[in-house]
Amino acid sequence: MNTYQYKAVSRDGATVHGVVEAYDEFEAVAQIKQEYPIVIKVAQIPREKARFDLNEPLWINEKSLSMVCTQFSVLLRAGLPMVRAVELIAEQTNDRLLRRILCETAKDVASGYSLTRGFEKNGKKIPEVFLETVRAGEESGTLEASFAKLSSYFHKSYEVKRKVRAAMAYPIFLCVLAAVVVAIIMVVTVPKIQGVFDSFGGTLPLATRMLIGMANGVTHWWWLILTLIAAVVLGTKLYGRTEKGKRQLAILALRMPVLGKIHLLNGASQFANTMSTLLTAGLPVSRALCATGRVMDNYEMGRSVSSAVVGIEEGKRLGAVLKDDRFLPPILKEMTAVGEEAGTLEDMLGTMSEYFDSEVANASEKALSMLEPAITVMMGVLIGFIVIALYFPMFTMYAGMGNTMGL
């Protein structure tokens, strides 16, 4: 609930001031007009800023959200009142962010508001698919089934992302390890060996001079290098917030070698899984498409899916409008049309979701099998260059010392 301060005119013409609690400004005005016919001004009184909790996550964990949905489904099926169900789940939730959202939502539900409105108000970070499915479940009276479907949806989404992260963890570890080793050699080892080389005089090999030049550059200009890296990262993030930047970065992600296929398959899995969940909850196809487009990770794929709503509103079937989509795999579009014709669209999309989940896992493993040798070769070449650059002049100097002593 929000608190609003108002200025109004009473029926006898007197100016009055007061405070009212309401869900939003429109409801506040409606409450005020029940007593005072003319409302001059309504302003929300800001709440005290909550103390920043370092232990509270910055985003909602899909695994925790899946567990919460399972608890909702079980408790509501058992006949527990909504307010008590929300309070009980909040007490049992370990995720601090979810617990806070649930506690605040329970207060709003107790005040007479719907569960969806409570989540919309308090859970700014809650996924769109969650809100739309809960709203559809409340409207159709199938809230228990909607929560059961959401539990499966978030569990599958979490598992797919976990497998992708696990597949990419080892290559990332190798790259970070190589960067740390090279940095230590450049900053610590090379400057010490350079003094030895200078004491002997003579012309150093090209590889050694290149290595010393790079080491000196890193040692003296490290602040500029870090500044440039930070500028590139920040500039990319700011550019990615613009409409043009979002689209170009999304297309770039889909066109990347090897990894682009994983992005494409993951987008297809998200589409099938989200559409199946929303349609099963009772949402019309147009609303399901809009929500699906907003929750897809790849912005350009989501934009393409959302644009299909125009065809649906013109009376076309889903299979027909998806034929023009340039990102979704042909098999997904064909099977969507088949499921629509057979009247089993939700089940068909659920089956396709499982198929693409498996494809994402297979593609991630294949990418890993290709990346590991490539990274190993690159590390071998880099380390080989450093070894040659450091030891070749030593061998030359030792040979010169041997010749001098022989004379």
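Calculation criteria
Residues numbered from 1 in each chain as written. Predicted model: local features only at pLDDT ≥ 70, side-chain atom pairs only at ≥ 80, totals over all residues. Heavy atoms only, no water. 1 Å grid on protein atoms, 1.4 Å probe; cavity = no way out; pocket = protein on both sides within 12 Å on 5 of 7 lines; lining within 4 Å. Points joined across faces, edges and corners; volume = space filled by probe spheres on them. Helix = DSSP H or I, 4+ residues; strand = E, 2+ residues; numbered from the N terminus. Nonpolar A, V, L, I, M, F, W, Y, C, P; charged D, E, K, R; others polar. Phe/Tyr/Trp six-rings, centres within 6.5 Å; stacked < 30°, edge-to-face > 60°. Core = buried A, V, L, I, M, F, W, Y, C linked by side-chain atoms within 4.5 Å. Buried < 20%, exposed > 50% of the residue type's maximum accessible area, 1.4 Å probe, protein only. Salt bridge = Lys/Arg side-chain N within 4 Å of Asp/Glu carboxyl O. pLDDT = per-residue confidence, 0-100. Contact = heavy atoms within 4.5 Å. Disulfide = S-S within 2.5 Å. Axes fitted to C-alpha atoms, helices over the stretch in contact; angles between N-to-C directions. Parallel < 35°, antiparallel > 145°, perpendicular 65-115°, else oblique. Left-handed = near helix turned anticlockwise from the far one by under 90°. Expected span 1.5 Å × (residues − 1).

Asks: What is the right way to look at the layout of surface pockets in this model?
Replies: Approximately 380 Å³ is the volume found for the second largest pocket. Taken together, 17 residues line the second largest pocket, and the ones lying closest to its centre are Ile262, His263, Asn266, Asp297 and Asn298. Ranked by residue count, the leading element in the lining of the second largest pocket is helix α11 (residues 259-280), at six residues. Per-class residue counts for the lining of the second largest pocket are ten nonpolar, five polar and two charged.

Asks: I'm lost on the packing of aromatic side chains in this one. Help?
Replies: How two aromatic rings sit relative to each other is set out by the distance from centre to centre and by the angle between their planes. Tallied over the entire structure, the rule returns nine aromatic pairs. Taken together through their ring pairs, the aromatic side chains of Phe72, Phe119, Phe130, Phe147, Tyr153 and Phe154 make up a single cluster.

Asks: For this particular structure, what's the right way to read the nonpolar core?
Replies: One broad rule of soluble globular proteins: the nonpolar side chains tend to lie buried together. Counting 66 residues, the largest nonpolar core has Phe72, Phe130, Phe147 and Phe271 as its most contacted members. Here this core gets eight residues from one element, more than from any other, and that element is α11. Ranked by size, the runner-up nonpolar core spans 14 residues in total, among them Val190, Ile193, Phe197 and Ile386.

Asks: So what exactly am I meant to see when it comes to empty space enclosed by the protein here?
Replies: Any space left empty among the atoms is revealed by the rolling of a water-sized probe across them. Considering all chains together, one arrives at one cavity of 30 Å³ or more under this definition. Lining the largest cavity we find Tyr153, Lys156, Ser157, Val160, Lys161, Asn266, Ser269, Gln270, Asn273, Thr274, Asp297 and Asp357. Taken together, the residues of the lining of the largest cavity break down into two nonpolar, six polar and four charged.

Asks: Sorry, what's going on with helix α5 (residues 115-122) here?
Replies: An α-helical turn contains 3.6 residues, so a residue and the one three or four places further along point in the same direction. Counting buried residues along α5, six of its eight residues qualify, which places the element largely inside the surrounding structure. For α5, the full list of buried residues reads Leu115, Thr116, Gly118, Phe119, Lys121 and Asn122.

Asks: Help me understand the pattern of salt bridges, please; the structure alone is not making it clear to me.
Replies: A side chain with one charge may pair with a side chain of the opposite charge, provided their charged atoms come close. Per the stated rule, a full pass over the model turns up 16 salt bridges. Arg135 is paired through a salt bridge with Glu132; the nearest N and O atoms lie 3.4 Å apart. Of this pair, Arg135 and Glu132 are both found in helix α6 (residues 128-140), three residues apart, which corresponds to roughly one turn of the helix. With a relative accessible area of 18%, Arg135 lands in the buried category. A relative accessible area of 9% places Glu132 in the buried class. The network of salt bridges with common partners includes Glu120, Glu128, Glu132, Arg135, Glu139, Arg287 and Arg294.

Asks: When you look at the confidence of the model for the chain in this model, what are you seeing that I'm missing?
Replies: It should be kept in mind that the predicted coordinates are not to be read in detail where pLDDT is low. When pLDDT is averaged across the chain, the result is 83; 91% of the residues are at 70 or more. Within the chain, helix α17 (residues 345-406) has the poorest average pLDDT of any element, 78, and helix α16 (residues 330-342) the best, 92. With pLDDT under 50 throughout, residues 48-52 is counted as low confidence; its partners more than four residues away or in other chains account for zero contacts.

Asks: Sorry if this is basic, but what is going on with the state of the cysteines here?
Replies: Put plainly, a disulfide is one covalent bond tying together the sulfur atoms of two cysteines. All told, the structure shown has zero disulfides when counted by the stated rule. With no disulfide partner, Cys103 has as its closest neighbouring cysteine sulfur the one in Cys69, 17 Å distant.

Asks: Explain the packing of α11 against helix α12 (residues 285-295) here, please?
Replies: Helices that pack against each other are described as a pair by the angle of their axes relative to one another and the distance between those axes. The contact between α11 and α12 brings their axes to 9 Å, and the two run at 140°. With respect to each other, α11 and α12 are oriented oblique. Read as a crossing pair, α11 and α12 show a hand that is right-handed. Side by side, α11 and α12 meet where Gln270, Phe271, Thr274, Met275, Leu278 and Leu279 of the first sit next to Val285, Ala288, Leu289, Ala291, Thr292 and Val295 of the second. Looking at the contact of α11 with α12 residue by residue, the class counts come to nine nonpolar, three polar and no charged.

Asks: Just to check I follow, could you spell out α6 for this structure?
Replies: Between the first and last C-alpha of α6 there are 18 Å, a value that for 13 residues agrees with the 18 Å anticipated at 1.5 Å per step. Where α6 is concerned, the buried positions are Val129, Phe130, Leu131, Glu132, Thr133, Val134, Arg135, Ala136 and Gly137. Phi turns positive, to about 75°, at Gly141, one or two residues after α6.

Asks: Mind showing me how you'd approach the side chain of Ser269 here?
Replies: Tracing the backbone through its elements, the reader meets Ser269 in helix α11. Among residues more than four places away in sequence, those in contact with Ser269 are Ser353, Phe356 and Asp357.

Asks: Got a minute to help me understand the side chain of Ser276 in this structure?
Replies: Turning to its location among the elements, Ser276 is positioned in helix α11. Sequence-distant contacts of Ser276, that is, excluding residues within four places in its chain, are made with Lys149, Glu346, Leu349 and Gly350.

Asks: Even after reading the chapter, I still don't get the environment of Glu87, so can you show me in this structure?
Replies: Of note, Glu87 is situated in helix α3 (residues 82-92). Note on Glu87: relative accessible area 34%, which makes it partly exposed. For the pair formed by Glu87 and Gly112, sequence separation is 25 residues and the distance between their alpha carbons is 15 Å.

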